[in-house]
Protein chains: 4
Amino acid sequence: MISFNNDYSEGCNPKILEALTKTNLESTVGYGEDEYTNKAINRIKELVNDQNVFVHLMVGGTITNLTVISGLRPYEAVISCDTGHINVHETGAIEATGHKVIAVKNELAKLTPELISEVMFNHTDYHMVKPKMVYISNSTEYGTIYTKAELIKLREVCDQYGLYLYMDGARIASALTSKGNDLDLATINKLCDAFYLGGTKNGLLFGEALVIRNEEMQPDFKFLVKQHGGLLAKGRLLGVQFYEALKDDLFFEMGKHANEMANLIRDNLKSLGIKEYMPSVTNQIFIEVSNALALAIHNEVICDDFISFKDTRVIRFVTSFATKLEDVLELNKIMHKFFRK
Amino acid sequence: MISFNNDYSEGCNPKILEALTKTNLESTVGYGEDEYTNKAINRIKELVNDQNVFVHLMVGGTITNLTVISGLRPYEAVISCDTGHINVHETGAIEATGHKVIAVKNELAKLTPELISEVMFNHTDYHMVKPKMVYISNSTEYGTIYTKAELIKLREVCDQYGLYLYMDGARIASALTSKGNDLDLATINKLCDAFYLGGTKNGLLFGEALVIRNEEMQPDFKFLVKQHGGLLAKGRLLGVQFYEALKDDLFFEMGKHANEMANLIRDNLKSLGIKEYMPSVTNQIFIEVSNALALAIHNEVICDDFISFKDTRVIRFVTSFATKLEDVLELNKIMHKFFRK
Amino acid sequence: MISFNNDYSEGCNPKILEALTKTNLESTVGYGEDEYTNKAINRIKELVNDQNVFVHLMVGGTITNLTVISGLRPYEAVISCDTGHINVHETGAIEATGHKVIAVKNELAKLTPELISEVMFNHTDYHMVKPKMVYISNSTEYGTIYTKAELIKLREVCDQYGLYLYMDGARIASALTSKGNDLDLATINKLCDAFYLGGTKNGLLFGEALVIRNEEMQPDFKFLVKQHGGLLAKGRLLGVQFYEALKDDLFFEMGKHANEMANLIRDNLKSLGIKEYMPSVTNQIFIEVSNALALAIHNEVICDDFISFKDTRVIRFVTSFATKLEDVLELNKIMHKFFRK
Amino acid sequence: MISFNNDYSEGCNPKILEALTKTNLESTVGYGEDEYTNKAINRIKELVNDQNVFVHLMVGGTITNLTVISGLRPYEAVISCDTGHINVHETGAIEATGHKVIAVKNELAKLTPELISEVMFNHTDYHMVKPKMVYISNSTEYGTIYTKAELIKLREVCDQYGLYLYMDGARIASALTSKGNDLDLATINKLCDAFYLGGTKNGLLFGEALVIRNEEMQPDFKFLVKQHGGLLAKGRLLGVQFYEALKDDLFFEMGKHANEMANLIRDNLKSLGIKEYMPSVTNQIFIEVSNALALAIHNEVICDDFISFKDTRVIRFVTSFATKLEDVLELNKIMHKFFRK
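Residues numbered from 1 in each chain as written. Chains lettered and ligands numbered in written order. Predicted model: local features only at pLDDT ≥ 70, side-chain atom pairs only at ≥ 80, totals over all residues. Heavy atoms only, no water.

Participant: Hey, could you go over the overall build of chain A for me, with residue numbers and the actual values?
Facilitator: From N to C terminus, chain A includes 14 helices and twelve strands. Relative to the compact-globule value of 20 Å for 341 residues, chain A shows a C-alpha radius of gyration of 20 Å, a close match. The C-alpha extent of chain A, read off along each of the three principal axes, is 60 × 55 × 35 Å. Within the span of chain A, comprising 341 residues, buried residues form 66% of the whole. Across chain A, every contact between residues at least 6 apart in sequence was considered, and the portion connecting residues at least 24 apart equals 73%. Of the accessible surface of chain A, which amounts to about 12,200 Å², a share of 50% is contributed by carbon and sulfur atoms. (Helix = DSSP H or I, 4+ residues; strand = E, 2+ residues; numbered from the N terminus. Rg over C-alpha atoms; globule rule 2.2 N^0.38 Å. Buried < 20%, exposed > 50% of the residue type's maximum accessible area, 1.4 Å probe, protein only. Contact = heavy atoms within 4.5 Å. Areas by Shrake-Rupley, 256 points an atom, 1.4 Å probe, with all protein chains shown as cover.)

Participant: Kindly report on the relation of the copies chain B and chain A, identifying the contributing residues and their values.
Facilitator: Each copy of the sequence occupies a distinct position, and chain B is placed on chain A by a rotation of 180 degrees and an axial shift of 0.0 Å, giving an RMSD of 0.0 Å. The symmetry that links the two subunits is that of a two-fold axis. Taken as a fraction of all interface residues of chain B, those also at the interface in chain A reach 100%, which identifies the copy contact as same-surface. (Least-squares fit on C-alpha atoms with pLDDT ≥ 70 in both.)

Participant: Quick one: what's the story with the sheet that holds strand β8 (residues 208-212) of chain A, residue by residue and with numbers?
Facilitator: All names here are of chain A. Read from one edge of the open sheet, seven strands run β2-β8-β7-β6-β5-β3-β4, paired in mixed fashion. The open sheet has two edge strands with one neighbour each: β2 (54-58) and β4 (101-104). The mean inter-strand angle of the sheet, taken between neighbouring strand axes irrespective of direction, is 20 degrees. Where strand β6 (residues 164-168) lies against strand β7 (residues 194-198), two bridges are found, and the strand directions are parallel. Looking across to β7, one finds that Tyr166 is bridged to Ala194. Most of the contacts of helix α2 (residues 35-47) go to β2, to which it runs at about 125 degrees, and overall it touches β2 and β8. (Pairing = 2+ DSSP bridges. Axes fitted to C-alpha atoms, helices over the stretch in contact; angles between N-to-C directions.)

Participant: Before we move on, could you go through the pairing of strand β11 (residues 304-308) of chain C and cite the residues and values that matter?
Facilitator: Residue and element names in this part refer to chain C. Across four bridges, β11 lies against strand β12 (residues 312-318) in antiparallel orientation. The residue bridging Asp304 from the neighbouring strand is Arg316, located in β12. Hairpin connection between β11 and β12: a loop of three residues separates the two successive antiparallel strands.

Participant: Residue-level account of the interface of chain B and chain A, with values.
Facilitator: Accessible area lost on assembly of the parts is the figure often given for the size of an interface. The interface is formed by 22 residues belonging to chain B together with 22 residues belonging to chain A. In this assembly, chain B packs against chain A so that about 1,600 Å² is buried in total across both faces, 56% of it on carbon and sulfur atoms. It is Thr91, Glu95 and Lys100 of chain B that lose the most area in chain B upon contact with chain A, and together they represent 33% of the buried surface on that side. In this assembly, chain B and chain A are joined by two salt bridges. In this structure, the salt-bridge partner of Lys100 of chain A is Glu95 of chain B, at a minimum N-O distance of 2.6 Å. Secondary structure elements with two or more residues in the side of chain B that touches chain A: α4 (85-88), α5 (93-96) and α6 (113-122) of chain B. (Buried area = accessible area lost by both parts, 1.4 Å probe. Salt bridge = Lys/Arg side-chain N within 4 Å of Asp/Glu carboxyl O.)

Participant: Would you mind going over the interface of chain A and chain D in detail, with residue names and values included?
Facilitator: With 42 residues of chain A at the contact, the number on the chain D side is 41 residues. For the pair chain A and chain D, the summed buried surface comes to about 3,600 Å²; carbon and sulfur atoms form 59% of the total. The interface formed by chain A and chain D contains 22 residue pairs in polar contact (both at pLDDT 80 or more). The element that contributes the greatest number of residues to the side of chain A that touches chain D is helix α1 (residues 14-23) of chain A, accounting for four residues. (Polar contact = N/O pair within 3.5 Å; in protein donor to acceptor, adjacent residues only side chain to side chain.)

Participant: So what about the relation of the copies chain A and chain D? Which residues, and what values?
Facilitator: Mapping chain A onto chain D is achieved by rotating through 180 degrees and translating by 0.0 Å along the same axis, at an RMSD of 0.0 Å. Comparing interface residues between copies, 98% of those in chain A also sit at the interface in chain D, which points to an isologous, same-surface contact.

Laid out in structure tokens, this is it:
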């Protein structure tokens with residue numbers, strides 16, 4: 001059965017695996033102090049156009065988020081969309097490090113200066129947590145993206161209130177190669193205090209490259225990584241993968257391929273008169289269907305029930321670096337069958 | 001200037017202080033293992049009509065809440081009104097013990113079976129926290145109360161989903177002596193897994209009597225208390241106070257007095273055509289006024305800005321065991337001055 | 001039966017209770033922002049001869065220790081004697097805030113520059129915790145005290161390694177009035193980054209006055225207090241007590257009385273040829289006796305088995321502000337009975 | 001320069017990489033619910049001869065330890081050798097989950113029933129943590145191993161006191177193929193409540209297979225894994241690797257090779273009259289040398305300074321699945337040069 005379940009169903013891009021194979025029996029030092037990791041880090045500094053960033057290659061997304069946030073003072077809190085990954089899908093990982101997630105209702109899975117200002121207005125004294133970080137993801141949990149103008153405004157409101165701006169980039173490759181995007185890594189780095197380039201959901205075996213621009217957040221970061229169990233002994237595995245992905249355009253080509261496949265699905269749905277649940281422009285597509293229809297679709301396509309309401313569900317199709325055109329065409333046919341009038 | 005700022009502005013009921021004075025130089029064992037604490041505990045067992053409850057006399061409300069909740073497994077979460085004390089006014093104390101507070105929008109500052117069921121419906125697997133406890137307060141943060149029928153229904157939904165029901169009773173004396181109340185301690189004990197009788201806000205110097213009925217939550221509880229720094233060396237201070245308050249009717253008389261004073265304010269507001277912000281029946285009264293009016297009122301009455309909106313504020317008048325009739329009459333006059341048409 | 005069980009068996013000095021009684025029905029603001037707390041804080045600033053310290057009146061010793069230490073960065077650790085209160089008698093309270101206690105074997109329950117240097121020598125990189133605070137108590141867990149010369153040397157080694165020096169002063173009144181002491185509050189304040197004046201074990205109902213000199217440790221401290229449930233609603237209770245104890249010499253008179261009573265016991269033991277287990281000069285006396293003898297003594301005196309070995313136990317006699325001369329004489333007689341040859 | 005720095009300097013055994021390559025573009029479900037993970041789990045159940053164990057494939061050693069221990073109740077503590085990995089080399093990871101490590105002085109980096117009994121004897125009430133788990137590693141931090149008789153006795157003392165026995169098996173392959181070993185996986189599983197088979201230090205790219213026999217520790221374990229950020233999206237990477245290593249004898253062959261290489265070094269040292277610092281029988285060799293000699297050796301061999309004393313250091317040579325005979329011979333020559341008399 002064809003699967004559009006997620007973007008981490010396959011291993012990795014064959015080029016990544018080749019790079020791992022080629023270097024496999026070389027002996028290097030551990031914990032990310034090897035030359036491959038150094039090369040990856042230098043390449044990232046080049047891409048973000050900033051030699052002073054601190055870069056650490058992390059094992060996965062949740063541990064990246066919780067490690068970054070764990071560096072806050074104990075009573076400092078993170079503002080997030082209520083739909084944010086840290087608020088919903090990390091089993092309380094942030095709270096387990098002691099920090100409150102202030103969850104904010106929103107539209108389009110995006111935060112705005114107004115929403116942040118409102119939180120700040122309501123947090124007035126030491127009987128409440130002190131909001132200190134804004135967590136956004138790009139692309140968001142619902143496939144929408146931030147524009148440069150929006151990110152500039154978020155930066156401004158963060159500066160006004162002394163907040164860190166942190167971007168979860170689990171799907172940043174798809175975001176930065178999507179229709180309507182006007183951001184790039186250097187701009188993101190300039191506007192955010194920290195962000196990460198997601199590898200797990202973009203063709204690497206695993207790994208996320210965390211970039212910390214704000215010097216306040218840099219000191220002793222490897223202590224935090226190790227304390228949370230996130231320091232890979234064979235750190236070079238991450239170095240080799242990220243260097244291979246980033247030395248040329250592979251990282252973004254993979255994001256672009258995922259988007260192209262998604263757009264084919266998107267166009268087909270549009271032609272069938274189906275409105276997406278969210279105006280995603282990236283590699284995730286959401287549609288709301290009746291429970292009965294969801295079950296019927298699950299019989300022919302592996303895909304996720306992303307939200308369940310009483311009578312309906314929002315199902316999700318995800319494309320990736322590995323999505324094959326023939327599977328997309330098959331999905332489009334199936335959609336046609338279910339939805340033509 | 002008259003003050004209706006809160007119910008912990010004064011020391012304690014003189015009878016409480018007399019009891020402390022009378023026993024002051026007696027030598028007892030520490031940490032709540034003394035005879036006064038035992039007497040208080042036995043009296044509470046009598047009042048809740050249950051010899052198998054575990055009772056511990058705690059120092060304050062926040063540490064009671066965080067200690068109880070800290071006993072959950074790490075990934076277990078607490079469902080609370082978004083207005084709940086643990087969600088807003090405890091500086092992230094619950095999260096600091098590692099647990100997520102699942103904040104629920106609601107009416108009247110109260111949870112309902114429907115709201116709880118919805119949370120359970122949306123928490124489906126190990127990528128999310130596991131809701132395990134329902135936190136309510138009685139009276140609530142906005143002075144409303146739970147009826148017996150409502151509490152029975154909450155118990156049912158908790159049983160259905162395997163949830164603990166925990167009642168914050170910081171203002172339980174006011175709740176149980178208010179108009180419309182049909183609950184008593186024995187019923188609350190039967191329907192809740194744990195709850196506490198608040199002393200701090202009801203005429204004691206400090207102290208809350210925690211009652212744990214559910215035997216799953218009882219073992220090793222004093223380890224949790226000590227670990228969080230909540231074990232009072234001179235535990236007998238709490239024993240003496242609670243025994244004095246509970247041996248006769250003093251505890252409830254104080255709650256009743258606070259309510260009577262509040263009702264005089266309430267009736268006056270009503271006669272002036274002012275609608276309360278929340279239909280409180282207990283010792284807190286909320287009214288929404290313009291920012292300008294709030295400032296004017298603050299010039300004549302000490303009271304709290306409970307919520308701040310852009311143009312208006314919800315101010316709060318609180319009565320207590322110590323509220324004097326003459327102050328109430330003075331407040332009523334002031335209200336009359338500001339609000340008569 | 002006479003009791004030398006601990007220094008928190010009684011309520012408080014009658015003068016303290018009088019002060020509480022006199023102010024009982026005054027209305028003040030909460031959370032330690034009242035005038036009595038301000039007066040106590042100002043008096044403490046006077047006593048430590050430093051207007052820039054941050055003072056907060058805390059509820060108890062364990063919560064003071066854990067709140068102070070909770071302000072460290074997550075991977076920072078505290079160096080303590082293995083006999084230290086935080087290492088042994090706080091049910092893992094420090095670890096519950098996420099921080100490791102590095103326990104150091106020692107003599108006389110005291111840390112030395114050499115012991116601290118050795119810890120620093122062995123903590124070399126991000127695979128280990130980063131020692132950041134030195135925890136000492138004065139008097140120590142075994143009744144010994146630090147001299148000025150010793151404290152100066154500890155300060156030097158702390159400066160060398162960038163460590164905070166924090167003194168647990170649960171029994172500081174006894175320490176500063178003991179034979180051989182050459183420290184005072186102003187000197188302690190100058191040499192330590194933070195310390196506290198213990199009230200619970202020195203004639204107050206409860207309460208410890210925390211003094212933070214180091215400005216790095218001051219910001220947002222009340223957030224930490226509240227987050228751990230340590231913010232007393234009726235904060236003025238602490239203000240009234242500490243002001244009463246400190247406005248004249250009451251605080252130190254109580255410590256002195258405890259020492260005088262202890263010295264009578266000490267002299268008697270010496271005359272009987274019994275060597276104390278530790279060379280205490282303060283209000284705790286330790287002697288090692290056989291298990292059988294310990295049981296016999298417990299039949300006539302309430303006192304604590306402080307350490308248990310296989311065949312022997314170290315029992316402890318503690319005096320306090322409330323210890324009566326007649327009880328001391330009675331104890332001395334009993335000791336005479338057991339130990340005369 | 002030849003390197004005996006550690007057993008995680010290289011990637012993985014080529015057979016492991018082949019297995020990853022062969023399955024790379026297959027589409028599987030995530031989070032360890034795929035068929036490869038299932039096959040690995042089933043193979044492990046076979047090897048431990050127990051169908052009721054819970055097995056989860058973890059990303060690394062520290063996160064395995066902290067996740068297992070995080071499941072204890074908050075005030076429960078872990079008894080460990082003071083040399084234990086969790087006590088020294090995990091940057092306070094265990095404490096960061098709230099739990100105290102009770103560090104015990106010992107010989108040979110091993111715990112004994114006597115040492116455990118002593119801890120239990122001294123932990124008597126709720127003022128102290130409650131010891132609940134015994135942490136051992138096999139092979140130990142110093143390359144020594146536990147015999148079956150020793151493990152049986154540890155089991156007995158754990159049963160006596162209601163303690164869990166948890167074995168860190170980061171180097172279990174080397175332990176179980178070493179001279180003098182009489183344990184196997186089935187016996188270890190029967191005697192321990194939980195243990196893990198280390199992959200990172202035994203020829204896998206990364207990964208540790210955690211086996212939980214005790215049913216009390218099994219429920220909701222995946223919540224704990226996810227909460228700590230340890231749930232690998234592409235869980236099949238671990239499944240493929242462990243199945244490949246365990247389906248035949250590869251896992252133990254790699255351990256055996258490491259031991260054989262170590263024994264060649266060991267025999268050479270012995271012939272030179274050098275006594276090992278610890279009587280290791282596995283893939284780590286420790287010798288104490290002067291600081292000057294250590295520096296000289298570092299000029300010719302990459303190896304670790306494991307302990308630093310004032311004038312001497314304990315240096316460590318580690319072999320692995322990837323150690324080449326020619327490098328061993330070269331090391332032996334170098335040792336000969338430095339140590340022949």
